[in-house]
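Coordinate inspection notes
So you can see what is in the structure, the chains are spelled out below.
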Amino acid sequence: MNEAVAVEDARSFKELKKERLYAERIKIHPKAIKGRFRTIKWAVLIVLLGIYYVVPWLRFDRGPGVPDQAVLIDMPGRRAYFFWVEIWPQEVYYLTFLLILAAFGLFLVTSLAGRVWCGFTCPQTVWTDLFMRVERLIEGDRGARIRLEKAPLTQGKLIKKATKHAAWLAIAAATGGAWIMYFNDAPTVTRAILTGNASLGVYFFFGLFTATTYLLAGFAREQVCTYMCPWPRFQSALLDEDSYVVTYQKWRGEPRAPLRKNQDWSSRGDCIACNQCIAVCPMGIDIRDGLQLECIGCGLCIDACNEVMARIRWPPDLITLDTERNQASRAEGLAPVRRFVRPRTVIYAAILLAISAGVLLGLAFRSSVDAEVLHDRNPLFVRLSDGSIQNGYTIKILNKAREPRTFELAIEGLETARLKASGREADAATPILLAAAPDSVTTHRIYISVPRMALSDENASLWLQLTEPATGQTTRHETVFWGPE
Amino acid sequence: MATEVERDPVTGKPTTGHEWDGIKELNTPLPKWWLYVLYGTIAWSVVWWLLYPSWPGINGYFGGLLGYNQRQAFAERMASADAERAAFLERLEGASLEEIASEPDLATIAFAGGGAAFADNCAPCHGLGGAGQGFYPTLADDAWLWGGTLDAIQQTILYGVRSDHPDTRFNEMPAFGAMEILGRGEIAAVAEYVLQISGQDHDQTAAERGAAIFAEQCAACHGEGGEGIRELGAPDLTDQLWLYGGTRSEIVQQIHAARHGVMPAWTGRLDPQTIKSLAVYVHGLGGGE
């Protein structure tokens with residue numbers, strides 16, 4: 001090896017390392033396709049985008065002085081409205097349950113039928129699909145787009161590109177605008193945005209979601225799924241040999257070879273190596289390599305393959321939805337089996353049902369009153385002039401109704417206790433009545449005292465009960481009474 | 001050849017060529033745009049340096065192009081908070097103590113503001129929440145030396161007790177023993193009587209002797225039955241709360257040479273709204289009358 005070659009080698013090695021350690025983006029130009037999965041995808045897209053854009057405009061009458069938007073997260077007002085459900089910040093755990101439901105829903109669907117979420121319903125997929133449709137309308141299909149990409153910058157190319165980006169930005173702005181409407185009154189905020197009177201915060205989030213939609217659906221696309229999203233990394237933990245996933249039937253397709261005239265099929269597989277499955281794939285992968293992290297399970301390769309099979313009059317579904325177990329059986333000529341009921345699907349479904357039932361029951365029996373009782377920390381107790389022990393408490397009444405209410409306060413569990421509030425002591429004839437302002441939290445100070453001898457221990461449990469005399473509605477809260485050692 | 005990309009035989013993936021104890025690192029390349037995002041954030045940090053105070057210098061620091069200053073920002077926030085409170089402070093100033101206590105929103109403001117002022121100014125002696133400590137009276141109980149109404153509490157806060165203010169609350173219990181007004185036996189007898197009226201164990205014959213001395217020497221301030229006289233700040237001796245202790249020896253000690261606490265006058269040190277708020281707060285601690 002002479003010196004020149006060694007230098008050449010070193011340089012190429014350096015370049016190779018550069019290449020290899022950071023992956024170059026390979027632009028994907030997915031081809032248009034018609035078929036069963038494409039139809040489903042369009043239907044899902046129309047329904048989901050319809051829901052997203054229309055829902056903020058739905059009205060729901062809640063009476064005067066209350067937002068009449070059916071779905072609204074009112075941040076300054078500290079309330080979330082969902083039709084007849086109204087959530088206080090204290091009840092944010094409903095959101096937690098909703099997230100748990102979403103997670104288990106995702107687990108169940110994935111273990112049954114692979115990444116249905118990714119391929120059909122994920123916002124990234126839906127908006128990317130929409131943006132690709134617009135791109136195709138303006139720049140043409142795969143071949144035309146590849147040619148346009150390589151063509152020198154002419155006026156025609158410039159017009160096409162500008163039109164595309166304008167259309168994308170319009171969709172992105174509508175998306176960002178719709179997001180704002182879930183947090184503001186839709187007609188008001190729309191008018192404010194259009195007349196330039198909206199707050200800086202509104203414009204910021206409007207701009208933010210416009211920008212993210214434009215960038216993620218227009219440019220980042222499959223990079224989001226491959227590099228940014230944690231979900232693809234989970235899938236191997238959720239899939240098993242009975243999960244239906246997009247599968248290339250290797251036993252039937254291989255060995256692949258291009259189609260010849262008067263083809264003899266006896267010594268070859270069904271795959272004619274037309275590569276249409278790659279051409280339509282929005283992730284730019286080859287499904288014939290088997291299940292892989294990048295596959296979002298959208299099924300467009302199935303549509304593409306079936307179209308080709310129909311054209312050459314050969315049986316369809318060379319690429320199909322199937323399980324690993326069935327593929328093994330089919331390869332050996334055995335009958336396939338469906339196993340939807342498996343321990344993991346049963347467990348996921350059971351958890352899903354249990355949490356759904358819990359959330360529904362919780363919402364159905366949601367009380368319109370709640371309270372928090374805080375025992376004074378300092379002093380824990382004081383001695384009164386007659387020798388008895390007094391404890392102070394702060395009681396916060398959460399009145400979730402829209403009218404002012406009054407609650408009768410009573411102690412349970414501590415005999416001989418005397419109750420003092422609003423500057424007077426309770427007696428049998430005139431119990432302590434605490435006012436609760438409408439739709440807000442009202443704070444009261446209350447004092448409980450007991451004779452020294454009545455306390456057998458350093459502290460004692462007691463319950464404070466609030467009862468609305470008019471309706472009999474009650475809420476009960478445990479607290480503690482402290483005395484000297 | 002170095003240019004050959006080595007492949008891992010199991011996964012078929014290329015390796016980085018790095019090897020540790022026979023384990024070779026698989027090459028899973030990061031997308032280039034991700035690297036550029038990192039460079040972008042580094043570039044952004046430079047922008048941040050330029051916009052905001054950053055580099056220290058010998059005679060100060062580089063203040064940033066935006067001229068941002070935390071001290072100034074703090075002053076602005078405080079000014080805006082003061083502006084928001086101004087309306088309430090005005091109402092507090094105009095309202096009587098009873099009006100403040102009876103209007104829920106004013107009472108809430110006064111209680112919260114009074115609590116903050118109490119923690120700053122009063123808690124060092126009276127304890128947080130008026131818990132009391134040592135010879136500083138508990139403010140959360142129902143025994144008041146100078147009265148527990150809103151007005152009486154405000155009066156005490158304004159002018160103090162034995163303070164240097166001309167309007168201060170003042171009393172002084174004679175040092176009966178130290179000034180040789182009473183003999184040791186007489187003091188012991190009065191102490192027995194005080195034990196009797198406060199419902200504690202006592203010597204009956206000594207207490208009877210003490211009762212006569214009490215009527216002569218003590219009742220003028222502490223009342224006929226020892227129930228105390230608020231106007232004079234003379235404590236109730238029949239209840240179970242004692243500022244300087246209620247045992248025999250502690251009572252004897254107090255008769256012999258009384259100790260007297262001092263509370264400063266707060267008028268002039270705190271503004272009238274704060275003193276009103278403090279009165280409302282102390283009144284609401286559990287023993288207000």
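Since this is a predicted model, take the numbers as computed values, not measurements. (Residues numbered from 1 in each chain as written. Chains lettered and ligands numbered in written order. Predicted model: local features only at pLDDT ≥ 70, side-chain atom pairs only at ≥ 80, totals over all residues.)

1. What about the overall build of chain B?
Secondary structure summary: chain B contains 11 helices and five strands in total. Relative to a compact globule of 289 residues, whose C-alpha radius of gyration would be 19 Å, chain B shows 36 Å and is clearly more extended. Projected onto its principal axes, the C-alpha positions of chain B cover 120 × 55 × 45 Å. Burial statistics for chain B: of 289 residues in total, 27% are counted as buried. Long-range contacts, defined here as pairs at least 24 residues apart, represent 54% of the contacts in chain B between residues at least 6 apart. (Helix = DSSP H or I, 4+ residues; strand = E, 2+ residues; numbered from the N terminus. Rg over C-alpha atoms; globule rule 2.2 N^0.38 Å. Buried ≥ 20, exposed ≤ 12 C-beta atoms within 10 Å, placed from the backbone. Contact = placed C-beta atoms within 7 Å.)

2. A short note on the overall build of chain A
The helix and strand tally for chain A stands at 16 helices and 16 strands. Against the globule reference of 23 Å for 485 residues, chain A gives a C-alpha radius of gyration of 33 Å, more extended than a compact globule. Every one of the 485 residues in chain A was classed for burial, and the buried ones make up 25%.

3. Things to note about the pairing of strand E2 (residues 71-74) of chain A
Remark: a regular strand shows side chains that alternate across the two faces of the sheet. Residue and element names in this part refer to chain A. Examined bridge by bridge, E2 and strand E3 (residues 79-82) share four bridges and lie antiparallel to one another. Paired with Asp-74 across the bridge in E3 is Arg-79. Hairpin remark: E2 followed by E3, antiparallel, with four residues in the connecting loop; positive phi at Arg-78, about 60°. (Pairing = 2+ DSSP bridges.)

4. Overview of the domain arrangement of chain B
Residues and elements named next belong to chain B. For chain B, the domain assignment lists domain 1 (1-50), domain 2 (89-168 + 263-283) and domain 3 (184-256). Using only C-alpha atoms to locate each centre, domain 2 and domain 3 end up separated by 30 Å. Counting from both sides, the interface comprises seven residues of domain 2 and, opposite them, eight residues of domain 3. Considering only residue class, the side of domain 2 that touches domain 3 consists of five nonpolar, one polar and one charged. (Domains from an automatic or database assignment. Nonpolar A, V, L, I, M, F, W, Y, C, P; charged D, E, K, R; others polar.)

5. Topic: the pairing of strand E16 (residues 474-482) of chain A
Residue and element names in this part refer to chain A. In the sheet, strand E15 (residues 459-467) pairs with E16 via nine bridges, with the strands oriented antiparallel. Paired with Leu-464 across the bridge in E16 is His-477. Where E15 folds back onto E16 in an antiparallel hairpin, the turn is made up of six residues, including Gly-472, whose phi is positive at roughly 80°.

6. What about the domain arrangement of chain A?
Per the domain assignment, the segments of chain A are domain 1 (36-91 + 122-235), domain 2 (240-331) and domain 3 (369-482). Of note, the centres of domain 1 of chain A and domain 3 of chain A, computed from C-alpha atoms alone, are 51 Å apart.

7. A short note on unusual backbone geometry
Residues and elements named next belong to chain A. For the peptide bond that leads from Glu-254 to Pro-255, omega is -5°, which places it in the cis range. Along the chain, the position of Pro-255 falls in the loop between helix H12 (250-253) and helix H13 (276-280). Here the amide bond leading from Asn-378 into Pro-379 is cis, since omega sits at 0°, within 30 degrees of zero. You can see Pro-379 is positioned in the loop between strand E7 (369-375) and strand E8 (382-383). Its identity as a non-glycine residue notwithstanding, Asn-275 has a phi of 65°, on the positive side. Tracing the backbone through its elements, the reader meets Asn-275 in the loop between H12 and H13. Of the residues examined, Asn-275 has 13 C-beta atoms within 10 Å and is grouped as partly exposed. Unlike most non-glycine residues, Asp-317 shows phi in positive territory, near 65°. Inspection of the secondary structure assignment puts Asp-317 in the loop between helix H14 (300-311) and strand E6 (319-322). Given 15 C-beta atoms within a 10 Å radius, Asp-317 is considered partly exposed.

8. Observations concerning the interface of chain B and chain A
A common way to report how large an interface is uses the accessible area buried once the components associate. Counting from both sides, the interface comprises 26 residues of chain B and, opposite them, 25 residues of chain A. Taken together, the elements giving at least two residues each to the side of chain B that touches chain A come down to strand E3 (30-31) and helix H1 (32-51) of chain B. No other element matches H1 of chain B, which puts four residues into the side of chain B that touches chain A. The class makeup of the residues in the side of chain B that touches chain A is 14 nonpolar, seven polar and five charged. Bridging between strand E1 (residues 22-23) of chain A and E3 of chain B involves two bridges; their strand directions are parallel.

9. What about the nonpolar core?
Counting residues in each nonpolar core, the largest one holds 42 residues, and the members touching the most others are Leu-278, Ala-279, Val-280, Tyr-281 and Val-282 of chain B. For this core, the elements supplying multiple residues, two or more each, are strand E9 (389-399), strand E10 (405-412), strand E14 (440-450) and E15 of chain A together with helix H3 (97-102), helix H4 (104-121), helix H6 (150-159) and helix H11 (272-283) of chain B. Considering each element in turn, this core owes the most residues, five residues, to H11 of chain B. Contact partners of Tyr-281 of chain B, with chain neighbours within four places excluded, come to Ala-110, Phe-111, Gly-114, Gly-115 and Phe-118 of chain B. (Core = buried A, V, L, I, M, F, W, Y, C linked by C-beta atoms within 7 Å.)

10. A few points about the sheet that holds E15 of chain A
Residue and element names in this part refer to chain A. Here we have four strands laid out as an open sheet, ordered E13-E10-E15-E16, and antiparallel in their pairing. Among the strands making up the open sheet, the edge pair consists of strand E13 (432-436) and E16. Within the sheet, the average angular offset between the axes of one strand and its neighbour, ignoring direction, is 30°. Both E10 and E15 contribute to a ladder of five bridges, which runs antiparallel. Within the sheet, the bridge partner assigned to Glu-412 lies in E15 and is Trp-463. (Axes fitted to C-alpha atoms, helices over the stretch in contact; angles between N-to-C directions.)

11. Here we look at the sheet that holds E2 of chain A
Residue and element names in this part refer to chain A. Spatially, the three strands line up as an open sheet ordered E2-E3-E4, and their pairing is antiparallel. The open sheet has two free edges, formed respectively by E2 and strand E4 (85-87), since each of these has just one partner strand. Neighbouring strand axes in the sheet, compared pairwise and without regard to direction, differ in orientation by 10° on average. The pairing of E3 with E4 spans three bridges and is antiparallel. The residue of E4 that forms the bridge with Phe-82 is Val-85.

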